[in-house]
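Below are the chains, spelled out letter by letter.
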Amino acid sequence: MNTWAIIVAAGKGERFGSMKQLELLSGKALTEWSLELFSRLVEDGLVEGIVLVVPPDGLGTYLPQEKVTNTPGGTSSTPSVHIVAGGDSRSASVRSGLAAVPERAEAVVVHDAARPLASPELAKSVINAVRNGASAAIPALEIVDTMKEVEGSKVLRTLDRTHYVTVQTPQAFRANVLRRAHESGHDTTDDATLVEMIGEDVVTVPGERNNIKVTTTDDLVRLNRLMGPEKTGPMSKLRIGNGFDMHRFGHRDSHLVLGGINIPHNKSLMGHSDADVLTHAVIDALLGAAGLGDIGHHFPDTDPLWSGADSIEMLRQVVEMLHNQSYHIVNIDVTAIAESPILSPYIVSIQSRLSEVTGGGINVKATSPEGMGALGNEEGIACLASALIVMVA
Ligand code: CTP
Ligand code: MG
């Protein structure tokens, strides 16, 4: 049975907060996971071609260009991917995809790019159900929680969960049934609903618990936790990051702040916050290791909230962000480069202040620039930090 796949990746990700289909999971964009799944089925000869539905302005350069060729649906035997622009709703995007599926297709399997971990077995199972005579086949999961009908926070009644399932993609259809179902032009959250509306039978096959749909950022955290060593190699849970920061000396003062410690000096450092250059380097190393951007992204210096702020508080928030993503800090190593003041008397206090917040594993060193350049000229202080973190979930 000639079978085509449609991957819908044209959503805006409003609940996620950005185009989630471009988010990375183990180094691959979510959309790539689905492309690889169906490319494998093309290689196996189970699927003839793939239509990838993207936002009208495209998916930018995020997808490896060699994997996608922008040719209209044709007879090409290579597993090239035909790209078409999606619509305002998921159903409209499926309709765009369907228009690019060749007439000769007898079965069509539709999949959400937001579900990166659907297995080839699951895709084969819905396709085979259609090959064996079903008009439509969809993966379903039994509900394990007790179900209640509510109005706001008020419970109206308890439902008999044995009559309900939740459903996933990929969903497979006889091509003519799916085309007919979409003629109505209705918008629904899956394609099987439209098939039900034209009175055709839909059957279920067992779904997969790990076939999680990324809807909010929490779902991506769950997926990251799921990616155990057996899937991505024994070192996959370790992450390394570096941070570098420099601040200029400013006005005459009695002290400056480094690693949360007041250090007597005749000039303070200039900056939007307390200019704690050492803590800033540590923050950047941690954020870098966790793939969470940089300090400017989380604590913008245009935001009055961080004016004069205690950088140790920022560090505390970053450590909490990492814990929320199930990261544990293995160790942090910091080097401060300063002609003055002499930092050696304060190293132990800085280490203990920082380890209160990070939970330990902190080493701080100081070095002199030997009179060279701006740092040697006592124009300011630079710090660099490395951090190693590990995912513990
Ligand atoms: N989708 C699409 N075109 C749309 C809307 C959704 O191709 N106009 C795709 C999404 O990219 C996703 C799948 O349909 O792969 C499931 O949709 P959903 O999880 O709702 O994604 P978004 O619509 O992007 O998210 P949100 O509803 O939060 O905006
Ligand atoms: Mg949506």
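Residues numbered from 1 in each chain as written. Chains lettered and ligands numbered in written order. Predicted model: local features only at pLDDT ≥ 70, side-chain atom pairs only at ≥ 80, totals over all residues. Heavy atoms only, no water.

**Quick word on the overall build of the protein chain**
Broken down by element type, the protein chain carries twelve helices and 19 strands. Scaling as 2.2 N^0.38, a compact globule of 393 residues should have a C-alpha radius of gyration of about 21 Å, whereas the protein chain reaches 27 Å, well beyond that. For the protein chain, the spread of C-alpha atoms along the three principal axes comes to 85 × 55 × 40 Å. A burial count over the protein chain gives 48% of its 393 residues as buried. Sequence-distant contacts, at least 24 apart, represent 71% of the contacts inside the protein chain between residues at least 6 apart. By element, 51% of the accessible surface of the protein chain is carried by carbon and sulfur atoms, the whole surface being about 18700 Å². (Helix = DSSP H or I, 4+ residues; strand = E, 2+ residues; numbered from the N terminus. Rg over C-alpha atoms; globule rule 2.2 N^0.38 Å. Buried < 20%, exposed > 50% of the residue type's maximum accessible area, 1.4 Å probe, protein only. Contact = heavy atoms within 4.5 Å. Areas by Shrake-Rupley, 256 points an atom, 1.4 Å probe, with all protein chains shown as cover.)

**Description of the pattern of salt bridges**
A full pass over the atoms with the stated rule returns twelve salt bridges. Across the pair Asp-187 and Arg-95 runs a salt bridge whose closest N-O atoms are separated by 3.3 Å. Of this pair, Asp-187 sits in the loop between α4 (175-182) and α5 (191-197) while Arg-95 is found in helix α2 (residues 90-99), placing the two residues 92 residues apart along the sequence. (Salt bridge = Lys/Arg side-chain N within 4 Å of Asp/Glu carboxyl O.)

**Things to note about a nonpolar patch on the surface**
Together, Phe-244, Met-246 and Leu-384 make up a nonpolar patch on the protein surface, roughly 290 Å² of accessible area in all. As for its position among the elements, Phe-244 is in strand β13 (residues 238-252). (Patch = residues over 30% accessible without salt bridge, like charges linked within 9 Å, V, L, I, M, F, W, Y side chains within 5 Å.)

**A look at the sheet that holds strand β19 (residues 380-391)**
Pairing is mixed across the open sheet formed by five strands, whose spatial order is β16-β13-β19-β17-β18. Sheet topology places β16 (267-269) and β18 (362-367) at the edges, where each strand pairs with a single neighbour. Across the sheet, the mean angle separating the axes of adjacent strands is 20° when strand polarity is ignored. (Pairing = 2+ DSSP bridges. Axes fitted to C-alpha atoms, helices over the stretch in contact; angles between N-to-C directions.)

**As for helix α1 (residues 30-43)**
Helix length check: α1, at 14 residues, gives a terminal C-alpha distance of 20 Å against a target of 20 Å (1.5 Å per residue), a fit within 8%. Burial analysis of α1 places eleven of its 14 residues in the buried class, the great majority of the element. Positioned one or two residues after α1, Gly-45 has a phi angle of 80°, which is positive. (Expected span 1.5 Å × (residues − 1).)

**What to know about the domain arrangement of the protein chain**
By domain assignment, the protein chain separates into domain 1 (3-216) and domain 2 (234-392). One C-alpha centre belongs to domain 1, the other to domain 2, and the line joining them spans 46 Å. (Domains from an automatic or database assignment.)

**A few points about the pairing of strand β4 (residues 49-54)**
For β4, the buried fraction is high: six of the six residues fall into the buried class. Of the two faces of β4, the one holding Gly-49, Val-51 and Val-53 and the one holding Ile-50, Leu-52 and Val-54 are both buried throughout. Note: strand β1 (residues 3-8) against β4, five bridges, orientation parallel. The residue of β4 that forms the bridge with Ile-7 is Leu-52. Here β4 runs beside strand β5 (residues 81-85); their pairing, made up of five bridges, is parallel. Note on β5: the bridge partner recorded for Val-51 is His-82.

**So, the site of ligand 1**
In the vicinity of ligand 1 there are 19 residues, among which Ala-10, Gly-13, Glu-14, Ser-93 and Lys-213 approach most closely. Gly-87 places a polar main-chain atom, nitrogen or oxygen, 3.0 Å from a nitrogen atom of ligand 1. In this structure, an oxygen atom belonging to ligand 1 sits 3.2 Å away from a main-chain N or O atom of Ala-114. Out of a free accessible area of 570 Å², ligand 1 has 88% covered by protein chains. Among the residues making up the shell around ligand 1, the classes are represented as five nonpolar, six polar and eight charged. (Near = heavy atom within 4 Å. Polar contact = N/O pair within 3.5 Å; in protein donor to acceptor, adjacent residues only side chain to side chain. Nonpolar A, V, L, I, M, F, W, Y, C, P; charged D, E, K, R; others polar.)

**Some words on the packing of aromatic side chains**
Tallied over the full model, the rule gives one aromatic pair. Between Phe-299 and Trp-306, the ring centres sit 4.7 Å apart and the planes meet at 85°, which makes this aromatic pair edge-to-face. Each member of the pair Phe-299 and Trp-306 is classed as buried. Stacked on the ring of Trp-33, the Lys or Arg Lys-28 has its end atom at 3.9 Å from the ring centre. (Phe/Tyr/Trp six-rings, centres within 6.5 Å; stacked < 30°, edge-to-face > 60°. Lys NZ or Arg CZ within 6 Å of the ring centre and 35° of its normal.)

**Digging into the pairing of strand β11 (residues 171-174)**
Pairing of strand β6 (residues 107-112) with β11 involves four bridges; the strand directions are antiparallel. Pairing of Val-108 across the sheet is with Phe-173, part of β11. The pairing of strand β7 (residues 136-142) with β11 spans two bridges and is classified as antiparallel. Across the sheet, residue Ala-137 finds its bridge partner in β11, namely Ala-172.

**Structural notes on helix α11 (residues 347-358)**
Spanning twelve residues, α11 covers 16 Å between terminal C-alpha atoms, matching the ideal 16 Å at 1.5 Å per step. Those residues of α11 that sit buried are Ile-347, Ile-350, Gln-351, Leu-354, Val-357 and Thr-358. The buried side chains of α11 occupy one side of the element, clustering within an arc of 130° when seen end-on. Opposite the packed face of α11, turned more than 90 degrees from it, sit the exposed residues Val-348 and Glu-356. Considering only its buried residues, α11 is in contact with β14 (255-258), β15 (261-264), α8 (277-290), α10 (311-324), β17 (327-337) and β18. Directly after α11, the chain includes Gly-359, whose backbone phi takes a positive value near 90°. (Arc of directions from axis to C-beta.)

**Here we look at the environment of Ser-153**
Note that Ser-153 resides in the loop between β8 (147-151) and β9 (154-159). Distance from Ser-153 to Met-227, taken between C-alpha atoms, is 35 Å for residues 74 residues apart in sequence.

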